Amino acid sequence: MKQQKIIAGFPNQNAAMKKFKVLLAGVFISSIGSGLTDFGLAIYILNRTGSVSATGVFAVCAFLPAILLAPVGGVLADRYDRRLMMILGELFSGLALLICLVAVMSSHPSLVAICVGAGISSVFSALTEPAFKATITDLLSAADFARAGGMVQLASSAKLLIAPAVAGLLLQVTPVSSLIILDMLTFFTTVLIIAFVRKGLVSRKRAVANLDFISEMSDGITAIRSKKGIMTMIAIMTITTFCLGFVQMLSKPLVLAIAGERELGILTTVIAMGMMAGSLIISIIKHPKSYVQMLSLGLLGCGVFFALIGISENLVLIAGFGFMMFAFMPAIQIGAEVLIRTNLDNTVQGRAFGLIGLITQMGYILAFIAAGILSDLIFEPFMLGSSKLAIQIGEIIGYGVGRGNALLIIITGIGLLVAGIVTARLKSVRTLEKKETTHETFTKSYSKGL
């Protein structure tokens, strides 16, 4: 329920990178805390209701406010001190978790109260995401974009690399309320880190601070419509988030059908090592030959192993396929983000990324809703039935509880694979790399920003 953080304002790139690495420690701590709450509450709701749809409702409440308010956060990120926006967002987002804590500690836990707390926390997290994305351009040179992206992905992967295994073990001996408390502590730790690094930094003021909200939103819309390739990228990333939303919703009930919470936590951690490996590889590549190829390969590889997750009921194979799927995910995010970033002027990046986030992350919301409905009402009953088609499919992927979710994962994985093949052939996307070199684009926008 929190987004990643970073601070801007360093003219010297060596000093900026050092400060950037300090802030990664905050991202790392924050990611672990978020992962504990996300994992714990999802399992808590799934166990109490036995419904993927109920878990989907919680996921929608946790993410939709931040998505809808992303454009507002983008305007604020371009108008005010981006560092202050992140501090306020983190602080109040952490305080909002008190509602979730009270709800789960009640003698009559309320799903509504949990969703309300998650929703309020999400509202304040909307202040952080656009500011984070925009300040990467402020702080680092274009040559460091891919490296920094890999480093951020590496730190952020703690949410899936460390948190699930820890949460799975803690849930054996302590209630979910303990996980929420730990998460709240990480919020405040991150705020202290941001505040500490912020000392001595000069805030950059915009000369157009008197623009009204509608005008600034219009500037963001104009920026993302300025190139056909950017619009195409937005469509591709929306399709991608839609497919990834399915595996996010269905993986837990899929594994819990054949194993327990502890095994799920350990399995999730093992799979997340793939993201760490992929992020590490990208972070050491200083000058990738083609970000379009990086994006396309990421989609293709992710789709293939995504689909394979649903084939087997063997935990070792699921872990292996999941590891490979996650290894390709950083290539998708970093490839897409660099292509868009280097084709947008720095002065409108907060607003532009806010709008892009609003559009692309709606794919997750649609997936959270669709996955629950399709799982509970169609695919799970279908694979528990005795129709000829279900029997034929069951001979390949298995029968019984959880196999409907497996079939749904296979279908969406194939969709992601197709998206990767199509992306490599789109002329409008390839032109994003050809019009200007990354260095030239950054030099122009960075000079204007200063």
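Here the structure is a predicted model, which means the values were calculated and not measured.

### So, the overall build of the protein chain
Line of reasoning, step 1. Per the secondary structure count, the protein chain includes 21 helices and zero strands.
Line of reasoning, step 2. When the 450 residues of the protein chain are sorted by exposure, 57% land in the buried category.
Line of reasoning, step 3. Here the analysis covers contacts within the protein chain between residues at least 6 apart in sequence; of these, 86% occur between residues at least 24 apart.
Line of reasoning, step 4. Total accessible area on the protein chain stands at roughly 18,200 Å², and carbon and sulfur atoms take up 70% of it.

### What to know about helix 18 (residues 388-397)
Line of reasoning, step 1. Listed as buried for helix 18 are A390, I393, G394 and I397. Angular distribution of buried residues about the axis of helix 18 spans 105 degrees; they occupy a single face of the element. Residues of helix 18 that are exposed and point more than 90 degrees away from the buried face comprise K388, E395 and I396.
Line of reasoning, step 2. Turning to helix 18, the residues buried within the fold contact helix 17 (362-384) and helix 19 (403-423).
Line of reasoning, step 3. In the stretch just after helix 18, G398 is the one whose phi turns positive, near 100 degrees.

### Some thoughts on the environment of K159
Line of reasoning, step 1. By the secondary structure assignment, K159 is in helix 8 (residues 158-161).
Line of reasoning, step 2. A residue is classified by how much of its surface remains accessible, and K159, at 24% relative accessible area, is partly exposed.
Line of reasoning, step 3. When the C-alpha positions of K159 and G33 are compared, they lie 7.4 Å apart, and in sequence the two are 126 residues distant.

### Focus: a nonpolar patch on the surface
Line of reasoning, step 1. A surface patch of nonpolar side chains, amounting to about 370 Å² of accessible area, comprises L84, L88, F92, L95 and L98.
Line of reasoning, step 2. Among the structural elements, L95 can be located in helix 4 (residues 82-105).

### Details of the nonpolar core
Line of reasoning, step 1. Ranked by size, the top nonpolar core spans 95 residues in total, and within it I114, I180, M233, L295, F306, M325 and L339 carry the most contacts.
Line of reasoning, step 2. Among all residues touching F306, those that are not within four sequence positions of it are C243, L244, V247, M325, I409, T412, G413 and L416.

### Quick look at the environment of A257
Line of reasoning, step 1. Mapped onto the elements of the fold, A257 is located in the loop between helix 12 (228-256) and helix 13 (261-283).
Line of reasoning, step 2. Taking the relative accessible area as the measure of exposure, A257 reaches 32% and is therefore partly exposed.
Line of reasoning, step 3. The spacing of A257 and V401 is 144 residues in sequence and 6.2 Å in space, taken between C-alpha atoms.
Line of reasoning, step 4. Sequence-distant contacts of A257, that is, excluding residues within four places in its chain, are made with V401 and G402.

### Thoughts on the side chain of S290
Line of reasoning, step 1. Counting through the fold element by element, S290 comes out in the loop between helix 13 and helix 14 (291-309).
Line of reasoning, step 2. The class of S290 is buried, set by a relative accessible area of 15%.
Line of reasoning, step 3. Looking at S290, its side chain comes within polar contact range of the main-chain nitrogen of V292, at 3.4 Å.

### Considering the pattern of salt bridges
Line of reasoning, step 1. Scanning the entire structure with this criterion turns up two salt bridges.
Line of reasoning, step 2. With a closest N to O distance of 3.9 Å, E263 and R262 form a salt bridge.
Line of reasoning, step 3. Judged by relative accessible area, E263 falls into the partly exposed class, the value being 32%.
Line of reasoning, step 4. Close ionic contact of R341 with E337 constitutes a salt bridge, the shortest N to O distance being 2.5 Å. With R341 and E337 both in helix 15 (residues 315-341), this residue pair falls four residues apart, about one helical turn.
Line of reasoning, step 5. Assessed through its relative accessible area of 3%, R341 is described here as buried.

### Section: the confidence of the model for the protein chain
Line of reasoning, step 1. Averaged over all residues, the pLDDT of the protein chain equals 80, while 83% of them reach at least 70.
Line of reasoning, step 2. Within the model, the stretch residues 1-11 combines pLDDT values under 50 with 64 contacts to residues more than four positions away or in other chains.
Line of reasoning, step 3. Confidence drops under a pLDDT of 50 for residues 436-450, and excluding neighbours within four residues, the segment shows 25 contacts in the predicted structure.

### Let's talk about the packing of aromatic side chains
Line of reasoning, step 1. If you walk through the whole model with that rule in mind, you get five aromatic pairs.
Line of reasoning, step 2. Judged by centre distance (5.8 Å) and plane angle (45 degrees), the rings of F63 and F368 are tilted. One end of the pair, F63, is in helix 2 (residues 52-68); the other, F368, is in helix 17, and 305 residues separate them in sequence.
Line of reasoning, step 3. On the basis of relative accessibility, which here comes to 23%, the residue F63 falls in the partly exposed class.

Criteria and thresholds
- Sequence order as written defines the numbering, with residues in each chain counted from 1.
- Given that the model is predicted, a residue must reach a pLDDT of at least 70 before its local features are reported, and side-chain atom pairs must reach 80 or more before they are shown or counted; all residues, however, enter totals for whole chains, interfaces and linings.
- Neither water nor hydrogens contribute to the side-chain values; these are computed over all heavy atoms in the structure.
- For helices the rule is a DSSP run of H or I covering at least 4 residues; for strands it is a run of E covering at least 2, with both sets numbered from the N terminus onward.
- Think of it in three bands: with a 1.4 Å probe and only protein chains considered, a residue is buried below 20% of the maximum accessible area for its type, exposed above 50%, and partly exposed in between.
- Note on contacts: a residue pair qualifies if any of its non-hydrogen atoms lie within 4.5 Å across the two residues.
- Here the Shrake-Rupley method, with its probe set to 1.4 Å, supplies the accessible areas, and only the displayed protein chains count as covering residues.
- The arc in question is the one traced by the directions running from the helix axis out to the C-beta atoms.
- Without a salt bridge and with relative accessible area above 30%, a residue can belong to a patch; like charges are then joined within 9 Å and nonpolar side chains (Val, Leu, Ile, Met, Phe, Trp, Tyr) within 5 Å.
- Any Lys or Arg side-chain nitrogen found within 4 Å of a carboxyl oxygen on Asp or Glu counts as a salt bridge.
- Joining through side-chain atoms within 4.5 Å is the link that ties buried Ala, Val, Leu, Ile, Met, Phe, Trp, Tyr and Cys residues into a set, and such a set is a nonpolar core.
- Any pair of N or O atoms that falls within 3.5 Å is considered a polar contact. Within protein, one atom must be able to donate a hydrogen and the other to accept it, and sequence-neighbouring residues count only if both atoms are side-chain atoms.
- Known as pLDDT, the predictor's per-residue confidence is scaled from 0 to 100.
- Any pair of Phe, Tyr and Trp rings, taking the six-membered ring for Trp, is counted once the centres come within 6.5 Å. Such a pair is stacked with planes under 30 degrees apart, edge-to-face with planes over 60 apart, and tilted for the rest.

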